[in-house]
Amino acid sequence: MSYRATLSPAPNVQPPRAAVPVVRESARVEMEDATGLTSMALVPTGSGDIVRQLNAAAARHGWGWPTTIVAFVLGLLTMPFGVMVWLLAIPLCWWLFLRDKARRTVVLFYDVNDQPAAWFDSFVGMWPWLTQSAKLWREVQNGRVQTTYQHKTNAGASNLVSRLSAVAGLKGPRHLATNIVVPSLTAGKSSLYFLPDRVLVCDHKRYSDVSYSHLRADGYRQRFIETPGHLPKDAEQVDQTWQYVNVKGGPDRRYSNNPVLPVMLYGQVDLSSLEGLDWRLQISRAQAAAHLAEVLAAVPRVPG
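Counting from 1, residues in each chain are numbered in the order their sequence is written. Whole-chain, interface and lining totals are the exception, using all residues; otherwise, since this is a predicted model, local features are given only for residues with pLDDT of at least 70 and side-chain atom pairs are given and counted only at 80 or more. Computation of side-chain values: all heavy atoms of the structure, hydrogens and water removed.

**Here we look at the pattern of salt bridges**
- Salt bridge, as used here, is a side-chain nitrogen of Lys or Arg placed within 4 Å of a carboxyl oxygen of Asp or Glu. For the structure shown, the criterion picks out nine salt bridges.
- Note that Asp218 and Arg216 form a salt bridge whose closest N and O atoms lie 3.1 Å from each other.
- By sharing partners, the salt bridges in this structure join Glu139, Asp278 and Arg280 into a single network.

**Some remarks on the packing of helix H2 (residues 64–77) against helix H3 (residues 82–103)**
- Only the contacting stretch of a helix is used when fitting its axis, a line to C-alpha atoms as for every element, and angles between N-to-C directions run 0 to 180 degrees. Only runs of H or I of at least four residues qualify as helices and only runs of E of at least two qualify as strands under DSSP, and these elements are numbered from the N terminus. Packing of H2 against H3 brings their axes to within 9 Å, and their N-to-C directions diverge by 175 degrees. Considering the angle they form, H2 stands roughly antiparallel to H3. Contact with H2, carried on its side by Gly64, Trp65, Thr67, Thr68, Ala71, Phe72, Leu74, Gly75 and Leu76, involves Gly82, Val85, Trp86, Ala89, Leu92, Cys93, Leu96, Phe97 and Asp100 of H3 and no other residues of that element.
- Charged residues are taken to be Asp, Glu, Lys and Arg, nonpolar residues to be Ala, Val, Leu, Ile, Met, Phe, Trp, Tyr, Cys and Pro, and polar residues to be all remaining types, Gly included. Each residue belonging to the contact of H2 with H3 can be placed in one class, and the counts come to 12 nonpolar, five polar and one charged. To sort the angles, those under 35 degrees are grouped as roughly parallel, those over 145 as roughly antiparallel, those from 65 to 115 as roughly perpendicular, and the leftovers as oblique. In what follows, a contact means two residues having at least one pair of non-hydrogen atoms within 4.5 Å.

**Section: the side chain of Asp209**
- One can find Asp209 in strand S9 (residues 206–211).
- Counting of polar contacts relies on pairs of N or O atoms within 3.5 Å, with two restrictions inside protein: one atom must be capable of donating a hydrogen and the other of accepting it, and residues adjacent in sequence are counted only when both atoms are side-chain atoms. Engagement of the side chain of Asp209 in a polar contact is seen with the backbone nitrogen of Thr45, the distance being 3.0 Å.
- In this structure the side chain of Asp209 is engaged in a polar contact, spanning 3.0 Å, whose partner is the backbone nitrogen of Gly46.
- Beyond its immediate sequence surroundings of up to four residues, Asp209 is in contact with Val43, Pro44, Thr45, Gly46, Val51, Arg198, Val199, Leu200 and Val201.

**Some details on H2**
- Given a helix with a known number of residues, its expected span is that number minus one, times 1.5 Å. An ideal rise of 1.5 Å per residue puts 20 Å on 14 residues; H2 measures up with 20 Å between its terminal C-alpha atoms.
- We call a residue buried when its accessible area falls under 20% of the maximum for its residue type, exposed when it is over 50%, and partly exposed in between, using a 1.4 Å probe and counting protein chains only. Within the span of H2, buried status applies to Gly64, Ala71 and Gly75. Along H2, the residues classed as buried sweep out an arc of 35 degrees about the axis, all on the same side. Among the exposed residues of H2, those pointing more than 90 degrees away from its buried face are Trp65, Ile69, Val70 and Leu77. Directions from the helix axis toward the C-beta atoms define the arc.

**As for the pairing of S9**
- A large share of S9 lies buried, amounting to five of its six residues.
- Here strand S8 (residues 198–203) pairs with S9 via six bridges, running antiparallel. The partner of Arg198 across the bridge, within S9, is Ser211.
- In this description, strands pair whenever DSSP reports at least two bridges between them. If you look at the hairpin formed by S8 and S9, you'll find two residues sitting between the two strands, and His204 has a positive phi there, around 50 degrees.

**Some words on the pairing of strand S12 (residues 260–272)**
- Of all 13 residues that make up S12, 11 are buried, and the element is covered over most of its length.
- When strand S10 (residues 216–225) meets S12, the two strands line up antiparallel, connected through 10 bridges. Its bridge partner being in S12, Asp218 is matched across the sheet by Asp270.
- Note: strand S11 (residues 236–242) against S12, six bridges, orientation antiparallel.

**Considering the environment of Lys189**
- Counting through the fold element by element, Lys189 comes out in the loop between strand S6 (184–187) and strand S7 (190–194).
- A relative accessible area of 60% places Lys189 in the exposed class.
- Distance in space between the C-alpha atoms of Lys189 and Asp203 is 5.9 Å, their sequence separation being 14 residues.
- Among residues more than four places away in sequence, those in contact with Lys189 are Cys202, Asp203 and His204.

**A few points about the nonpolar core**
- Counting 47 residues, the largest nonpolar core has Phe123, Trp127, Leu130, Leu185, Leu192, Phe194 and Leu296 as its most contacted members.
- With residues near it in sequence (within four places) discarded, Leu192 still touches Pro183, Ser184, Leu185, Val199, Leu200, Val201, Leu271, Leu277 and Trp279.
- Definition used in this section: a nonpolar core is a set of buried Ala, Val, Leu, Ile, Met, Phe, Trp, Tyr and Cys residues joined via side-chain atoms within 4.5 Å. Core analysis: the next-biggest nonpolar cluster, separate from the first, contains five residues, Trp137, Phe224, Ala235 and Tyr266 among them.

**Let's talk about a positive patch on the surface**
- Together, Lys101, Lys171, Arg174 and Lys205 make up a region of like positive charge exposed at the surface.
- Note that Arg174 resides in the loop between strand S4 (159–169) and strand S5 (176–178).
- A relative accessible area of 58% places Arg174 in the exposed class. Patches were defined on residues exceeding 30% relative accessible area and lacking a salt bridge, with like-charge contacts within 9 Å and nonpolar side-chain contacts (Val, Leu, Ile, Met, Phe, Trp, Tyr) within 5 Å. Surface exposure here means Shrake-Rupley accessible area, sampled with a 1.4 Å probe, where a residue is shielded only by the protein chains that are shown. When charges are counted, Lys and Arg are positive and Asp and Glu negative, with His and the chain ends excluded. Taken as the charge location is NZ of Lys, CZ of Arg, CG of Asp or CD of Glu.

**Digging into the packing of helix H4 (residues 115–126) against helix H7 (residues 286–297)**
- Remark: H4 packs on H7, axes separated minimally by 10 Å, with the N-to-C direction vectors making an angle of 175 degrees. If you check the angle between H4 and H7, you find them roughly antiparallel. For the pair H4 and H7, the contacting residues are Trp119, Ser122, Phe123 and Met126 in the first and His291, Leu292, Val295 and Leu296 in the second.
- The residue inventory of the contact of H4 with H7, partitioned by class, reads six nonpolar, two polar and no charged.

**Points about unusual backbone geometry**
- Each neighbour pair has its own omega, and for Met79 with Pro80 the value is 5 degrees, a cis peptide bond.
- By secondary structure assignment, the location of Pro80 is in the loop between H2 and H3.
- In the Ramachandran plot, Ala155 falls in the positive-phi region, its phi being about 65 degrees despite a non-glycine side chain.
- Positionally, Ala155 belongs in the loop between helix H6 (148–153) and S4.
- Unlike most non-glycine residues, His204 shows phi in positive territory, near 50 degrees.
- Secondary-structure assignment places His204 in the loop between S8 and S9.

Everything listed here is a matter of geometry and, on its own, says nothing about what the molecule does.
Written out as structure tokens, the structure reads:
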């Protein structure tokens, strides 16, 4: 006995489609260095051999501390006679400290009656605008916001900035002894020292200089999106924004955790030279930037 089954037509089976990768736009902004050349690569433009002398002084090793440590350990190992070792070592160590200071110091005296000295007095008189500012920063990296997604996820900023806290003072470098006060800016291990005839640049105990005839100073005010918290007491808040914004600049409602960020008005001074100096200083007192740039523009141009 046999039979034949009626087969239904085969289904129209489509071949599997290749998976289409989903490309997620990145909120990360590429950052670039904004510190220019260090003093190791910066060609000096000032007159004289001050830079060479400073580098030679900074490279000399001191014997005061090594001798003091050796004498202290030797005294501990030879007790009770170690007290005598310490008494004998005190005048030797003191003499070595004085000798180290003399060997590692360059002496530089300025005429306090010439035209550059008169300008320098006005520069020093302006310096409290910086020393009395609540906060100073040096810009070390920056990056331009390229896409709409980056703009929306970075509080609507057009540029991102990485900063390092800076300090303004009136103390010169440790390897220089002079008859004047020296306005200075320090951020990390980098410093600028303003002398009557040049700007000393120091990185990691290595010196170079920039003549004022080669120095360019631009001062202006700038709006800056600050992180919430301890805001500088002398800065002005001019607006606010959110961490995540929509295309119109308002808060993006898709994010439940969307903190409000203050928009502050700061001063910005860009110090640069064709040789490669690049210091971008941000000041919490917005008015200070114009004062600093104005005084630097009035410096007597002594050929470097």
